[in-house]
Amino acid sequence: MEIISQNFLPHCSLVTWSSNRLVPNRSNILLSSSGIKKSRFVIRNGTSDGYVVGENEDLGSLARRGDSKSKLLIPGLPDQSNGEASAARITPSQCEWKPNLTVHYEKSGCENVEAPAVLFLPGFGVGSFHYEKQLTDLGRDYRVWAVDFVGQGLSLPTQDPTTTTMSEETSSLEDSESFWGFGNEAQPWADQLVYSLDLWREQVQYIVEEVIGEPVYIAGNSLGGYVALYFAATHPHLVKGVTLLNATPFWGFFPNPVRSPRLARLFPWSGTFPLPARVKKLTELVWQKISDPESIAEILKQVYKDHSTDVDKVFSRIVEITQHPAAAASFASIMFAPGGELSFSEALSRCKENNVQICLMYGREDPWVGPIWGKKIKKELPNAPYYEISPAGHCPHDEVPEVVNYLMRGWIKHLESGGFEALPLLEDGEEDWEQSSIAREMEFPRGEGWKKSVKLWLYGSKYSFWGGVGESFRASLVKVLRGKSV
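Residues numbered from 1 in each chain as written. Predicted model: local features only at pLDDT ≥ 70, side-chain atom pairs only at ≥ 80, totals over all residues. Heavy atoms only, no water.

Caption draft 1: Expanded view of helix α9 (residues 327–335). With eight of nine residues buried, α9 is to be regarded as a mostly interior element. All of the buried residues in α9 are Ala327, Ala328, Ala329, Ser330, Phe331, Ala332, Ser333 and Ile334. In this structure, the buried side of α9 is in contact with α3 (197–212), α6 (277–290) and α8 (312–322). (Buried < 20%, exposed > 50% of the residue type's maximum accessible area, 1.4 Å probe, protein only. Helix = DSSP H or I, 4+ residues; strand = E, 2+ residues; numbered from the N terminus. Contact = heavy atoms within 4.5 Å.)

Caption draft 2: Layout of the sheet that holds strand β5 (residues 143–147). Pairing in this open sheet of eleven strands is mixed, and the strands run β1-β12-β13-β11-β10-β9-β8-β4-β5-β3-β2 from one edge to the other. Since the sheet does not close on itself, it has two edges, and those belong to β1 (71–73) and β2 (91–98), each with one partner. Each adjacent strand pair in this sheet contributes to an overall mean axis angle of 25 degrees, direction not counted. Here four bridges tie strand β4 (residues 117–121) to strand β8 (residues 216–221), and the two strands are oriented parallel to one another. The residue of β8 that forms the bridge with leucine 121 is glycine 220. Docked against the sheet, helix α11 (residues 371–380) engages β9 (239–245), β10 (358–363), β11 (386–390) and β13 (451–459), running at close to 160 degrees with respect to β10. (Pairing = 2+ DSSP bridges. Axes fitted to C-alpha atoms, helices over the stretch in contact; angles between N-to-C directions.)

Caption draft 3: Examining the packing of aromatic side chains more closely. Enumeration according to the criterion identifies 16 aromatic pairs in this entry. Both rings, one in tyrosine 362 and one in tyrosine 386, keep their centres 5.8 Å apart while their planes meet at 65 degrees; by these two values the pair is edge-to-face. Here tyrosine 362 is found in strand β10, whereas its partner tyrosine 386 is found in strand β11, with 24 residues between them in sequence. By the burial criterion, tyrosine 362 is buried, and tyrosine 386 matches it. In this structure an aromatic cluster arises from ring pairing among Phe124, Trp251, Trp287 and Phe331. Over the aromatic face of tryptophan 97 sits the side chain of lysine 98, whose NZ or CZ is 4.7 Å from the ring centroid. Over the face of the ring belonging to tryptophan 457 we find arginine 364, whose NZ or CZ atom lies 3.8 Å from the ring centre. (Phe/Tyr/Trp six-rings, centres within 6.5 Å; stacked < 30°, edge-to-face > 60°. Lys NZ or Arg CZ within 6 Å of the ring centre and 35° of its normal.)

Caption draft 4: Quick peek at the packing of α3 against helix α4 (residues 223–234). Their axes nearest at 9 Å, the elements α3 and α4 cross at an angle of 70 degrees. Taken together, the axis directions place α3 and α4 in an arrangement best described as roughly perpendicular. Our pair here, α3 against α4, has a crossing hand that is right-handed. Taking contact as the criterion, the partners of Leu197, Asp198, Trp200, Arg201, Val204, Gln205 and Val208 in α3 are, on α4, Leu223, Tyr226, Val227, Tyr230, Phe231 and Thr234. (Parallel < 35°, antiparallel > 145°, perpendicular 65-115°, else oblique. Left-handed = near helix turned anticlockwise from the far one by under 90°.)

Caption draft 5: Representation of unusual backbone geometry within the structure. In this model, phenylalanine 273 is joined to proline 274 through a cis peptide bond whose omega is 5 degrees. With respect to the element layout, proline 274 can be found in the loop between α5 (261–264) and α6. The omega angle of the peptide bond from serine 390 to proline 391 is 0 degrees, so this bond is cis rather than trans. If you trace the backbone, proline 391 turns up in the loop between β11 and α12 (396–399). Its identity as a non-glycine residue notwithstanding, asparagine 100 has a phi of 65 degrees, on the positive side. Considering the arrangement of structural elements, one finds asparagine 100 in the loop between β2 and β3 (101–108).

Caption draft 6: Local environment of α11. Within the sequence span of α11, burial applies to Pro371, Gly374, Lys375, Ile377 and Lys378. The buried residues of α11 all sit within an arc of 155 degrees when viewed along its axis, so they share a single face. (Arc of directions from axis to C-beta.)

Caption draft 7: How the structure looks around the pairing of β3. Counting buried residues along β3, seven of its eight residues qualify, which places the element largely inside the surrounding structure. The antiparallel pairing of β2 with β3 creates a hairpin that spans two residues between the two strands, and asparagine 100 there sits at a positive phi of about 65 degrees. Where β3 lies against β5, four bridges are found, and the strand directions are antiparallel. By the bridge assignment, tyrosine 105 is partnered in β5 with valine 147.

Caption draft 8: Quick look at the environment of valine 311. Here valine 311 is to be found in the loop between α7 (293–303) and α8. What makes valine 311 buried here is its relative accessible area of 19%. Those residues in contact with valine 311 that sit more than four places away from it in its chain are Leu300 and Tyr304.

Caption draft 9: Quick look at the nonpolar core. One finds Leu119, Trp200, Ile218, Leu244 and Ile358 to be the most contacted residues of the largest nonpolar core, which totals 83 residues. Residue contributions to this core peak at nine residues, all from α4. Counting residues in each nonpolar core, the second largest holds 36 residues, with Phe120, Leu245, Cys359 and Leu456 among its members. (Core = buried A, V, L, I, M, F, W, Y, C linked by side-chain atoms within 4.5 Å.)

Caption draft 10: The arrangement of the pattern of salt bridges in detail. For the structure on display, the rule yields 16 salt bridges. Between arginine 259 and glutamate 346 there is a salt bridge, with the nearest N and O atoms lying 2.4 Å from each other. Here arginine 259 is found in the loop between β9 and α5, whereas its partner glutamate 346 is found in helix α10 (residues 344–353), with 87 residues between them in sequence. Under the relative-accessibility criterion, glutamate 346 is labelled partly exposed at 32%. The partner of glutamate 388 in a salt bridge is arginine 364, with the nearest N and O atoms 2.5 Å apart. (Salt bridge = Lys/Arg side-chain N within 4 Å of Asp/Glu carboxyl O.)

Caption draft 11: Here's a closer look at a nonpolar patch on the surface. A contiguous nonpolar surface patch, about 290 Å² in accessible area, is contributed by Leu263, Leu266 and Phe267. Summarising the element assignment, leucine 266 is placed in the loop between α5 and α6. (Patch = residues over 30% accessible without salt bridge, like charges linked within 9 Å, V, L, I, M, F, W, Y side chains within 5 Å. Areas by Shrake-Rupley, 256 points an atom, 1.4 Å probe, with all protein chains shown as cover.)

Caption draft 12: Structural detail: the confidence of the model for the chain. Scored by pLDDT, the chain has a mean of 82; 75% of the residues are at 70 or more. Ignoring residues within four places in sequence, the model shows residues 1–68, a span with pLDDT below 50, making 142 contacts including any to other chains. (pLDDT = per-residue confidence, 0-100.)

Caption draft 13: Summary view of the environment of glycine 241. Mapped onto the elements of the fold, glycine 241 is located in strand β9. For the pair glycine 241 and isoleucine 412, spaced 171 residues apart in sequence, the C-alpha separation works out to 8.2 Å. Contacts of glycine 241, omitting those with residues within four sequence positions, involve Val216, Tyr217, Ile218, Gln357 and Trp411.

Caption draft 14: Quick look at the packing of α4 against α10. At their nearest, the axes of α4 and α10 sit 8 Å apart, and the two run at 45 degrees to each other. Judged by the angle between their axes, α4 and α10 are oblique. In the packing of α4 onto α10, the handedness of the crossing is left-handed. Here Tyr226, Leu229, Tyr230, Ala232 and Ala233 of α4 lie close against α10, whose contacting residues are Phe344, Ala347, Leu348, Arg350 and Cys351.

Structure, rendered in structure tokens:
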């Protein structure tokens, strides 16, 4: 067994991988015989002092059961300058799904012909670019795809979905040739077009059947999590497993015409083209605010707990999307679209009936879709592994991709082996983890010469939902009291 000194923290290159394993060998785990003590670990970002992980907390107090004294060393992201751990190459692609609706997607690892296929679905307002860290890393072991939903990202329409009659009164956006979708008549190809959950579910079906060509492991963040679950509920034969990354449990606030036809008739317009005059004016006002770069920067500041995370590329891509001539009208269609034929809860129940495998990975500090929503899912699916990461916000796959990728590899390995390979954090054969939870400090390299640590919880099948709510409340109260004392 290889022994690693506590005084030496190895880089990713020292974590070896066997030819037939996709999870680190246990001999590479860094163990502390004296337990986890209070530690000060500063994230260096060049522009501020960073933040401290675990300065005032003893990790041993985080787990009610299980071994709380071990520190887990996991690999960092691939270094493109390092030939031994080179990043997988990302290939941008597109296909015309429907007239004037071209789907943009990115793929990596296509040379891994015998490896499982993994599909990532983005949250609202972003696209496949938000999964760059999964494409470059997981693409070394799997065949990986990430798709842009139609009406978002680079899957916006290639033509104006409406035409304008010049005799009619127009808004300032409609007057400008740089904006599409503000005309008064829908183009034939855009008749009844609405960017909704049902359309995105249909789009995912097309990608899986026609582009990938086989069942997939599907993962989604926020809105993408809802769509992933929805798709799995209606097409379980095309899904090998679902990973929910801070999935939003609600989307679409207007009644679905199939689900509630009578109620839907009370709302004569639900996201189709052309936009009603009052919606055009409202969209103009709202769009000017939310498409402003300062507003975009503020939103990113909200959803990322670690403000040292480099979001420059994400920021620039979102700004670029808002400049597309179809972006404003597409936003209006999305906001007024009806809900899906299945609610999130119904989709979850359908997946449970069909024995669809589900894994939950949630950032603990998400201000929008807090862990309480993940814990509600855990209550419905007691045997589903539920991982909680801290500090991490709404987008854990981009904020702590090292942890999410480590968990994805381990979970896929677990399912591919028929359960023979242990779930991540259970490699040591924890026998009593089902009673409550396991907590670990995860450490991984970030850049040259420094490392980052986060806390990771795995909740067992007998985890108490209300106990977890109380635990979260107590943790929040402690933070508030500490803030006042400072």
